[in-house]
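# Summary of structural features
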Amino acid sequence: MRWSGRQFDFQFPRPALVLGILNVTPDSFSDGGLYLDPGLAVERAHRLVDEGADLIDVGGESTRPGAAPVDEVEELARVVPVVERLCRELKVPVSIDTRKASVAERCLDLGVAVVNDIGANRGDPGMWRIVARHRAGYIAMHMQGDPQTMQTRPAYGDVVDEVAAFLEDRLGKIEQWGVTPDQVVLDPGIGFGKSLDHNLALLAHINRFRSLGRPVLLGVSRKSFLGRVLGTVEGERLPGALACSVWAAAQGVQLFRTHDVAPTVQALRTLEAVSASLGPVS
Ligand code: HH2
């Protein structure tokens, strides 16, 4: 299997890929307000690459539960100065975390390689047309509802079946708009319209998503469900996130989106070293 787009071509099997998170927002749940200054944001991205990030995922709109929506002008004002520099300076591909086709298009014009679309359940195919035209990578994530309301009363019959069926359906629709499967990564959207039990069930059955034939991405970094499992506050969720990531990597998940690049890379490389020794002992 491969994941390829305009400036990148990742062939699997290979060591798991790590996306370093860079939120240039005032209100992201973890790093909100830290990187509003483009200079600090660029510096942070360089640090994440030094720590082993394979891609940098830039976001200009928080999608934490209850976050206020941001208009296109504001989102562009936040991301463009940072994306412009990162596309020139970084050796790794840059991804833009946006639900807006217009923001994706502007960033693709600046050299971004991947669109991370947490709103893959949109009715508007404009995003897919743009991704197809630029031959960009595309991350399609499942979300029930929208960030304003998604945690009010998330409900499913069977969460694993429904999320898998949704992602399969998206894959088909995306293809109809000219995006080829090798451009696409699928993400069950941990924490997006899901209760604690829904998140745990998705993690427990994460290997189910591999049967869709595309690489799978997991985003658990610092999320509140970890706090509910352990009673930990936002700054203390790294061990829980690493446990989930190692579990998922052992089930075959290939991409991890994280604020904590160095520890995540170390955990994944350790797992991979152990896995490489499976088989008869000499
Ligand atoms: N989670 C967040 C944002 N974007 N994209 C994908 N593909 N998968 C995820 O799980 C995911 C995502 C939420 O985390 P964060 O960016 O840290 O927070 P905020 O939305 O508040 O900026």
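The following refers to the structure shown.

## Side note on the packing of aromatic side chains
One pass over the structure, following the stated rule, counts 3 aromatic pairs. Aromatic side chains tryptophan 3 and phenylalanine 8 sit 4.7 Å apart centroid to centroid with 65 degrees between the ring planes, which places their arrangement in the edge-to-face category. The class of tryptophan 3 is buried, set by a relative accessible area of 0%. Assessed through its relative accessible area of 6%, phenylalanine 8 is described here as buried. Consider the rings of tryptophan 3 and phenylalanine 10, whose centres lie 6.1 Å apart with planes at 25 degrees: the pair is stacked. One exposure class covers both tryptophan 3 and phenylalanine 10, and it is buried. Within the aromatic cluster, the residues linked to one another by ring pairs are Trp3, Phe8 and Phe10.

## Looking at unusual backbone geometry
In this chain, phenylalanine 12 is followed by proline 13 through a cis amide linkage whose omega measures 5 degrees. Secondary-structure assignment places proline 13 in the loop between β2 (8–11) and β3 (17–23). Phi at arginine 135 takes a positive value of approximately 50 degrees, unusual for a residue other than glycine. Assignment of secondary structure puts arginine 135 in the loop between α4 (126–134) and β7 (137–141).

## A look at the site of the ligand
Inspection of the region around the ligand gives 18 residues, with Ser28, Ser62, Thr63, Asp187 and Lys223 positioned closest. For the ligand, an oxygen atom lies 2.7 Å from a polar atom in the side chain of serine 62. In this structure, glycine 219 approaches the ligand through a main-chain N or O atom, which is 3.4 Å from an oxygen atom. Its residues placed into classes, the shell around the ligand shows 6 nonpolar, 7 polar and 5 charged.

## Notes on the packing of helix α8 (residues 238–250) against helix α9 (residues 261–276)
At their nearest, the axes of α8 and α9 sit 10 Å apart, and the two run at 35 degrees to each other. Taken as a pair, α8 and α9 cross one another with a handedness that is right-handed. Across the interface between the two elements, Leu238, Leu242, Ser245, Val246, Ala249 and Ala250 from α8 touch Pro263, Thr264, Ala267, Leu268 and Leu271 from α9. When its residues are assigned to classes, the contact of α8 with α9 shows 9 nonpolar, 2 polar and no charged.

## Observations concerning the pairing of strand β5 (residues 94–97)
If a strand is regular, its side chains alternate between the two faces of the sheet. Residues Val94 and Ile96 line one face of β5 and the alternating positions Ser95 and Asp97 line the opposite face, and both faces are buried. Two strands pair when backbone bridges link them, and strand β4 (residues 55–59) and β5 are joined in this way by 4 bridges, in the parallel orientation. In the sheet register, aspartate 57 faces β5, and the bridge partner there is serine 95. Handedness of the β4-helix α2 (residues 72–89)-β5 crossover: right-handed. Note: β5 against strand β6 (residues 114–117), 3 bridges, orientation parallel. The residue of β6 that forms the bridge with serine 95 is valine 114. Taking the sense of rotation as the criterion, the β-α-β connection linking β5, helix α3 (residues 101–110) and β6 turns out right-handed.

Rules behind the numbers
Residues numbered from 1 in each chain as written. Predicted model: local features only at pLDDT ≥ 70, side-chain atom pairs only at ≥ 80, totals over all residues. Heavy atoms only, no water. Phe/Tyr/Trp six-rings, centres within 6.5 Å; stacked < 30°, edge-to-face > 60°. Buried < 20%, exposed > 50% of the residue type's maximum accessible area, 1.4 Å probe, protein only. Helix = DSSP H or I, 4+ residues; strand = E, 2+ residues; numbered from the N terminus. Near = heavy atom within 4 Å. Polar contact = N/O pair within 3.5 Å; in protein donor to acceptor, adjacent residues only side chain to side chain. Nonpolar A, V, L, I, M, F, W, Y, C, P; charged D, E, K, R; others polar. Axes fitted to C-alpha atoms, helices over the stretch in contact; angles between N-to-C directions. Left-handed = near helix turned anticlockwise from the far one by under 90°. Contact = heavy atoms within 4.5 Å. Pairing = 2+ DSSP bridges. Right-handed = clockwise from strand over helix to strand, strands pointing away.

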